[in-house]
Amino acid sequence: MRPSARLPLPTLALACLLPFAVSAQLSLEGGAHRLEDRDSQWSVSYGAMMHLSGHVDETFRAYYKATGQDSKQALAESYDLKDFGVEAPYETFGIHFRKQADFFAFRWDLLWLSLEADAVARRDYYIGIGEDISYGGHKYDHMKIPAGSKFSAEFRGVFTDLIGSFTPFTLQLGEETWLAPSLDLGLVAILGQYEVDAGRARGTAVYQNPPVDFVVGGSADSFIGVPAPRIGAGAELRVGPDDWVQWVFRAGFGYFAYDGGTGVFARGGSREKNIDISMLTLAFEAEVLLPMDDFSCFSVGARLEYLHLDGSVASKEKSDAEIIAARERFDKSFDFKSWSAILYVGVAY
């Protein structure tokens, strides 16, 4: 009996795909598959931050090691968003714009979020705040929320991104189906005002070594602004005739990493530390375009986005003398995750 011939795996795979490739009438065109009556779009959205989770952990305090007090590393604390009564979902409202040219595209998204939470302190919370608290004619920048005390936390702000994309080619999979990959580069940012209200200020307490004065209770608010560049890639699948109803499916990811000083994030006067941070975003979108006339379309769609931010903040000083002089606090690690979902309507023209 003659031995059977065996085809290499790649050849076998190509042989299996060949009939589909031929029937799909594959063709390649440079840049994006752009239609003049659909290459610009404004839309508004309503949705929710469906999931929010995050925590900050104090990890190591170089000051204790430098002063021979390593046993006090056990004083490190951890804070979770649940400690502050943060429980999703929270409503979002948005405005969005996109513009497609032959090879390049621009996208702008802005989501407004109002987050309010009420909680009871599970233990004594000692927190640093962004602005001064006045008490007894003095100003403090640390707050103590005693165990069992009621307090509220609030954030009002926006999540926004400005993304530029490059589409090198479009692959036509059939008479009415196009697939286009893209490379993305842009800027994302969180901007807003937060407030912590623990009732009236009712005294001071001393905590930590070296000692720090904390106001017991009180309220404080501050502005937060965190910008970050983002690089990523995506793909768009467009199905349907150019002059009629089309379905559009998009998927993409973005990534940002930074390892260096906190000076690029903190405002003047803040003590600089080393920060190691990374951010990953994933987005999935489905949209239908419905012609209204010869020059415009009505659009309706849904978008789901995931964000994961994690990193660490550590003392910048290295020698024992520098560490003791700076009286550095605990190094910290942090982790934050969110899922958001929106529905939008708009006009493409």
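For the structure, see preceding data.
Now for a quick tour of the structure.

## Here's the deal with the overall build of the protein chain
Thought 1: Regarding its fold elements, the protein chain presents three helices and 17 strands.
Thought 2: The proportion of buried residues among the 349 residues of the protein chain is 39%.
Thought 3: If you sum the accessible surface of the protein chain, you get close to 19200 Å²; carbon and sulfur atoms cover 62% of it.

## Structural notes on the pattern of salt bridges
Thought 1: A complete count under the given rule lists 17 salt bridges for this structure.
Thought 2: Lys 99 is paired through a salt bridge with Asp 39; the nearest N and O atoms lie 3.7 Å apart. Of the two residues, Lys 99 sits in strand β4 (residues 90–100) while Asp 39 sits in the loop between β1 (27–30) and β2 (40–60), which places them 60 residues apart along the sequence.
Thought 3: With relative accessibility at 8%, the residue Asp 39 sits in the buried group.

## Regarding the pairing of strand β10 (residues 177–197)
Thought 1: In the sheet, strand β8 (residues 150–166) pairs with β10 via 15 bridges, with the strands oriented antiparallel. Bridge pairing links Ser 165 to Asp 184 in β10.
Thought 2: With three bridges connecting them, strand β9 (residues 169–174) and β10 associate as antiparallel partners. Within the sheet, the bridge partner assigned to Leu 171 lies in β10 and is Leu 179.
Thought 3: Once β9 ends, the chain turns through two residues before running back antiparallel as β10.
Thought 4: Across 21 bridges, β10 lies against strand β13 (residues 219–239) in antiparallel orientation.

## Concerning the environment of Gly 260
Thought 1: As for its position among the elements, Gly 260 is in strand β14 (residues 246–261).
Thought 2: Its relative accessible area of 17% is what places Gly 260 among the buried residues.
Thought 3: Separated by 13 residues in sequence, Gly 260 and Lys 273 have C-alpha atoms that sit 8.3 Å apart.
Thought 4: Beyond its immediate chain neighbours, meaning those up to four positions away, Gly 260 contacts Lys 273, Asn 274 and Ile 275.

## With respect to the nonpolar core
Thought 1: Core analysis: the largest hydrophobic core is formed by 27 residues, its most contacted members being Val 86, Tyr 90, Tyr 125, Ile 127, Met 143, Ile 145 and Phe 151.
Thought 2: For this core, the elements supplying multiple residues, two or more each, are β2, β5 (104–120), β6 (125–135), β7 (138–145), β8 and β12 (212–216).
Thought 3: The biggest single contributor to this core is β6, with five residues.

## A short note on the packing of aromatic side chains
Thought 1: By the definition in use, this model includes 19 aromatic pairs.
Thought 2: Taking the centre distance of 6.4 Å and the plane angle of 45° together, the rings of Tyr 79 and Phe 84 count as tilted.
Thought 3: Summarising the aromatic geometry, the rings of Phe 84 and Tyr 125 are spaced 5.7 Å apart at their centres and angled 35° between planes, so their arrangement reads as tilted. Here Phe 84 is found in the loop between β3 (78–80) and β4, whereas its partner Tyr 125 is found in strand β6, with 41 residues between them in sequence.
Thought 4: Taking relative accessible area as the criterion, Tyr 125 reaches 0% and is therefore assigned buried.
Thought 5: Each member of the aromatic cluster is reached from another via a ring pair, and the members are Trp 42, Phe 97, Phe 106 and Trp 108.
Thought 6: Cation over ring: Arg 61 sits above Tyr 64, and NZ or CZ is 4.7 Å from the ring centre.
Thought 7: Taking the ring centre of Tyr 79 as reference, the NZ or CZ of Arg 123 above it sits at 5.1 Å.

## Looking at the side chain of Asp 161
Thought 1: Here Asp 161 is to be found in strand β8.
Thought 2: Since its relative accessible area comes to 11%, Asp 161 is described here as buried.

## A look at empty space enclosed by the protein
Left-over empty space is what a probe sized like a water molecule reveals as it rolls over the atoms.
Thought 1: Counting across every chain of the model gives two cavities of 30 Å³ or more.
Thought 2: Space inside the largest cavity adds up to approximately 680 Å³.
Thought 3: Considering the residues around the largest cavity, the lining is formed by 44 residues, among which Arg 98, Gln 100, Ser 182, Glu 236 and Arg 250 are closest to the centre.
Thought 4: Broken down by class, the residue content of the lining of the largest cavity amounts to 17 nonpolar, twelve polar and 15 charged.
Thought 5: Taken together, Gln 41, Ser 43, His 96, Phe 97, Arg 98, Arg 107, Asp 109, Glu 285, Arg 303, Ile 342 and Tyr 344 make up the lining of the second largest cavity.
Thought 6: Elements with a contribution of two residues or more to the lining of the second largest cavity: β2, β4, β5 and β17 (331–348).
Thought 7: Per-element accounting of the lining of the second largest cavity gives the leading share, three residues, to β4.
Thought 8: For the lining of the second largest cavity, the residue count by class is three nonpolar, three polar and five charged.

## Details of the pairing of β14
Thought 1: Pairing of β13 with β14 involves nine bridges; the strand directions are antiparallel. Counted as the bridge partner of Leu 237 is Phe 249 from β14.
Thought 2: The antiparallel pairing of β13 with β14 creates a hairpin that spans six residues between the two strands, and Gly 240 there sits at a positive phi of about 130°.
Thought 3: The sheet contact formed by β14 and strand β15 (residues 274–291) spans 16 bridges and is antiparallel. By the bridge assignment for β15, Gly 252 is matched with Ala 283.

Rules behind the numbers
Residues numbered from 1 in each chain as written. Predicted model: local features only at pLDDT ≥ 70, side-chain atom pairs only at ≥ 80, totals over all residues. Heavy atoms only, no water. Helix = DSSP H or I, 4+ residues; strand = E, 2+ residues; numbered from the N terminus. Buried < 20%, exposed > 50% of the residue type's maximum accessible area, 1.4 Å probe, protein only. Areas by Shrake-Rupley, 256 points an atom, 1.4 Å probe, with all protein chains shown as cover. Salt bridge = Lys/Arg side-chain N within 4 Å of Asp/Glu carboxyl O. Pairing = 2+ DSSP bridges. Contact = heavy atoms within 4.5 Å. Core = buried A, V, L, I, M, F, W, Y, C linked by side-chain atoms within 4.5 Å. Phe/Tyr/Trp six-rings, centres within 6.5 Å; stacked < 30°, edge-to-face > 60°. Lys NZ or Arg CZ within 6 Å of the ring centre and 35° of its normal. 1 Å grid on protein atoms, 1.4 Å probe; cavity = no way out; pocket = protein on both sides within 12 Å on 5 of 7 lines; lining within 4 Å. Points joined across faces, edges and corners; volume = space filled by probe spheres on them. Nonpolar A, V, L, I, M, F, W, Y, C, P; charged D, E, K, R; others polar.

Treat this as a map of the structure, not an account of what it does.
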